[in-house]
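Structure at a glance
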Amino acid sequence: MEELTDADIADLTALRRALHARPEVSGDEVETAARIATELAALGVDHLVTGLGGHGVAGVFEGTTPGPTVLLRCELDALPIEETGTPPWRSGRAGIAHLCGHDGHMATMLGVGRMLARARPAAGRVVLMFQPSEEDGRGAIAVCEDAAFADLAPDWAFALHNEPDIARGVAHVPDGLSSAPSVGLRLAFTGVEAHACAPQDGRSPAAAMARLMTALPALSRGAFPEEDFRLVTLTHARLGEPAFGIAPGRGEVFVTCRTCSDATLAILETDIYALAQATANAESLEFELTEHDRFLAGVNDPDAAHALRAAASAVGLEAIRGSPLRASEDFGRFGHDCPAALLLLGAGPGPALHNPDYDFDDGLIAPGAALLLRAARAVLDGAAGI
Ligand SMILES: [Zn+2]
Ligand SMILES: [Zn+2]
């Protein structure tokens with residue numbers, strides 16, 4: 001079995017920690033992308049593509065004969081959260097930190113690159129895709145729609161995400177839904193400001209907002225991951241200005257909607273629009289809805305999922321179908337054009353993803369790299385009944 005050497009693991013661990021110390025948020029991954037491009041060039045990739053969908057970087061390892069293209073994907077971005085953990089490699093940038101483990105995913109992918117540099121695919125090719133802007137849902141769509149991506153279009157796509165909620169040594173690879181679709185909705189209401197001594201002269205959105213802040217979460221129903229699951233979470237609200245002399249004339253409510261299918265999410269959005277519009281009309285308010293951070297459903301193709309489970313078992317992990325990710329993951333976009341699957345690699349127990357004291361478990365680099373490479377070779381070789 002192909003494995004990283006101890007020297008590889010030491011190098012990749014040091015690299016992971018260096019990336020952790022210099023995090024960049026979605027859409028701003030300039031330094032990270034440059035570092036990755038340098039690392040890929042040093043590995044001797046056959047093609048290096050930069051600027052994909054923003055700051056995305058891809059390194060291509062060609063086989064000796066033509067064949068399918070396998071894309072392995074990781075993410076470049078960190079989160080706008082202050083790190084409270086105190087490892088020696090703690091974020092050196094205030095208010096920004098790698099708290100989802102994307103630093104570790106990048107190191108894992110470069111581990112795959114080291115092994116491919118030593119033994120290229122016999123046939124076909126492997127694309128190592130370092131995708132920007134995963135955390136806001138924009139990156140995968142931007143990469144897939146970038147004209148330069150047409151030359152890299154995959155026949156298969158795989159990714160992994162570390163998951164502290166899953167025990168270490170266990171890998172979840174569901175058939176079907178792998179990550180929930182979601183969208184953020186901003187509901188903005190405009191009435192008329194008035195003096196606080198005469199609120200009857202204005203039109204305040206307060207009552208409409210109060211009703212919706214109760215009614216919208218009440219649209220939630222069902223249990224994840226059942227088909228009828230709907231979750232509406234209130235994430236932000238603002239009314240008027242922080243002053244005592246003004247009866248407010250403007251307000252906004254933010255909600256995040258989450259379901260188990262893109263179709264159910266569309267129905268939920270229609271329901272929310274109708275309810276908010278009716279509530280605004282009843283108070284003679286202007287109403288505007290805008291959508292943000294849309295994530296499509298991640299759906300694992302059964303053959304691709306099988307390849308990942310077989311690869312995980314081969315490297316000594318307990319590979320099970322398990323539960324899908326209740327969070328959203330924009331990798332789902334890659335599955336629109338080819339068979340794709342996402343593996344959730346157990347990292348637990350420990351702080352959850354996006355917790356301020358989370359840190360990637362470096363012990364996942366070696367098994368993660370070994371299993372991704374094994375899955376890629378399996379589909380390129382047409383092995384394992386795929
Ligand atoms: Zn995240
Ligand atoms: Zn993540």
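As the structure is a prediction and not an experimental result, all values here were calculated from the model. (Residues numbered from 1 in each chain as written. Chains lettered and ligands numbered in written order. Predicted model: local features only at pLDDT ≥ 70, side-chain atom pairs only at ≥ 80, totals over all residues. Heavy atoms only, no water.)

1. Re the coordination of the zinc ion (ligand 1)
Note the cut-off: Only nitrogen, oxygen and sulfur atoms count as donors, using a 2.8 Å cut-off from the metal that widens to 3.2 Å for Na, K and Ca. Water is left out, so coordination shells may look unfilled. Think of it this way: with four donors and all angles in the 85 to 135 degree range, the site is tetrahedral; with four or six donors, opposite ones beyond 155 degrees and the rest between 65 and 115, it is square planar or octahedral; otherwise it is irregular.
The protein atoms that coordinate the zinc ion (ligand 1) are Cys100 (SG), Glu135 (OE), Glu135 (OE) and His354 (NE2), at distances of 2.0 to 2.5 Å. Coordination geometry of the zinc ion (ligand 1): the 4 donor atoms subtend angles of 54 to 151° at the metal centre, consistent with an arrangement described as irregular. Sequence spacing of the donors to the zinc ion (ligand 1): C-x34-E-x218-H.

2. Considerations on empty space enclosed by the protein
Using the following cut-off: Definitions used throughout: a 1 Å grid over protein atoms alone; a cavity as a set of points that fits a 1.4 Å probe which cannot get out; a pocket as an open set with protein on both sides within 12 Å along at least five of seven lines; a lining residue as one with an atom within 4 Å of a point. Grid points are joined across faces, edges and corners, and a volume is the space filled by probe spheres set on the points. Three residue categories are used. Nonpolar comprises Ala, Val, Leu, Ile, Met, Phe, Trp, Tyr, Cys and Pro, charged comprises Asp, Glu, Lys and Arg, and polar comprises the others, including Gly.
Within the structure shown, the criterion is met by 1 cavity of 30 Å³ or more. Size it by volume and the largest cavity reaches roughly 40 Å³. Taken together, Gly137, Ile141, Arg294, Phe295, Leu296, Glu329, Asp330, Gly332 and Arg333 make up the lining of the largest cavity. Grouping the constituent residues of the lining of the largest cavity by class yields 3 nonpolar, 2 polar and 4 charged.

3. So, the sheet that holds strand 12 (residues 250–259)
The following threshold applies: The pairing criterion is simple: DSSP has to find at least two bridges between the two strands. Strands are runs of DSSP state E lasting at least two residues, helices are runs of H or I lasting at least four, and both sets are numbered from the N terminus onward. For helices, the fitted line uses only the C-alpha atoms of the stretch in contact; every axis is such a line through C-alpha atoms, and the angle between N-to-C directions lies from 0 to 180 degrees. The contact criterion used is simple: two residues touch if any of their non-hydrogen atoms lie within 4.5 Å.
Within the open sheet, the 4 strands sit side by side as 10-12-8-13. Their pairing is antiparallel. Two strands in the sheet have a free side with no partner beyond their single neighbour: strand 10 (230–239) and strand 13 (286–295). Strand-to-strand, the axes of this sheet are offset by a mean angle of 20°, without reference to chain direction. Running at roughly 155° to strand 10, helix 5 (residues 206–215) makes contact with strand 8 (182–190), strand 10 and strand 12 of the sheet.

4. What to know about helix 1 (residues 6–21)
Turn by turn, an α-helix covers 3.6 residues, leaving residues three or four places apart pointing in a common direction. Short version of the rule: In a helix, the anticipated span is given by 1.5 Å times the number of residues less one. When accessible area is computed with a 1.4 Å probe and restricted to protein chains, residues below 20% of their type maximum are described as buried, those above 50% as exposed, and intermediate ones as partly exposed. To be clear, the arc concerns the directions from the helix axis to the C-beta atoms.
Taking 1.5 Å of rise per residue, 16 residues should cover 22 Å, and helix 1 covers 23 Å from first to last C-alpha, within 8% of that figure. All buried positions along helix 1 are accounted for by Asp8, Leu12, Thr13, Leu15, Arg16, Leu19 and His20. With its buried residues spanning 165° around the axis, helix 1 presents them on a single face. Contacts made by the buried residues of helix 1 are with helix 2 (30–43), helix 3 (102–118) and helix 8 (365–381).

5. Focus on helix 8
The end-to-end C-alpha distance of helix 8 is 24 Å, a good match for the 24 Å that 17 residues give at a rise of 1.5 Å each. Across the 17 residues of helix 8, 13 count as buried, placing the element largely inside the fold. Once helix 8 ends, the next one or two residues include Gly382, with phi positive near 65°.

6. A few points about the domain arrangement of the chain
Using the following cut-off: The domain boundaries here were taken from an automatic or database domain assignment. As a working definition, buried area equals the accessible area (1.4 Å probe) given up by two parts on being put together, with both sides summed. For this document, the term salt bridge refers to a Lys or Arg side-chain nitrogen within 4 Å of an Asp or Glu carboxyl oxygen. N or O atoms closer than or at 3.5 Å make up a polar contact, with two conditions inside protein: a donor-capable atom paired with an acceptor-capable one, and, for residues adjacent in sequence, both atoms drawn from side chains.
Looking at the assigned domains, one finds that the chain contains domain 1 (6–178 + 297–380) and domain 2 (182–295). Look at where the C-alpha atoms of domain 1 and domain 2 centre, and you get two points 36 Å apart. Residue-level contacts link 13 residues of domain 1 with 11 residues of domain 2. When domain 1 packs against domain 2, close to 1,000 Å² is buried across both sides, 57% of that on carbon and sulfur atoms. Here domain 1 is connected to domain 2 by 0 salt bridges. Along the contact surface separating domain 1 from domain 2 lie 4 residue pairs in polar contact (both at pLDDT 80 or more).

7. Section: the pairing of strand 16 (residues 340–348)
Most of strand 16 is tucked away, with 9 of its 9 residues classed as buried. Residues Ala340, Leu342, Leu344, Gly346 and Gly348 point to one face of strand 16 and Ala341, Leu343, Leu345 and Ala347 to the other, with burial holding for every one of them. In terms of strand pairing, strand 5 (residues 156–167) meets strand 16 through 8 bridges, oriented parallel. Bridged to Glu163 within strand 16 is Gly346. Pairing of strand 6 (residues 170–172) with strand 16 involves 2 bridges; the strand directions are antiparallel. Looking at strand 16, one finds that Ala171 is bridged to Leu345.

8. Observations regarding the coordination of the zinc ion (ligand 2)
Cys100 (SG), His102 (NE2) and His161 (NE2) make up the full set of protein donors to the zinc ion (ligand 2), lying at 2.0 to 2.3 Å. The distance between the zinc ion (ligand 2) and the zinc ion (ligand 1) comes to 3.2 Å, with Cys100 serving as a donor to both metals. Of this pair, Cys100 sits in the loop between strand 3 (65–75) and helix 3 while His161 sits in strand 5, and the two are 61 residues apart along the sequence. Taken individually, Cys100 and His161 each receive the classification buried, so the pair is uniform in this respect.

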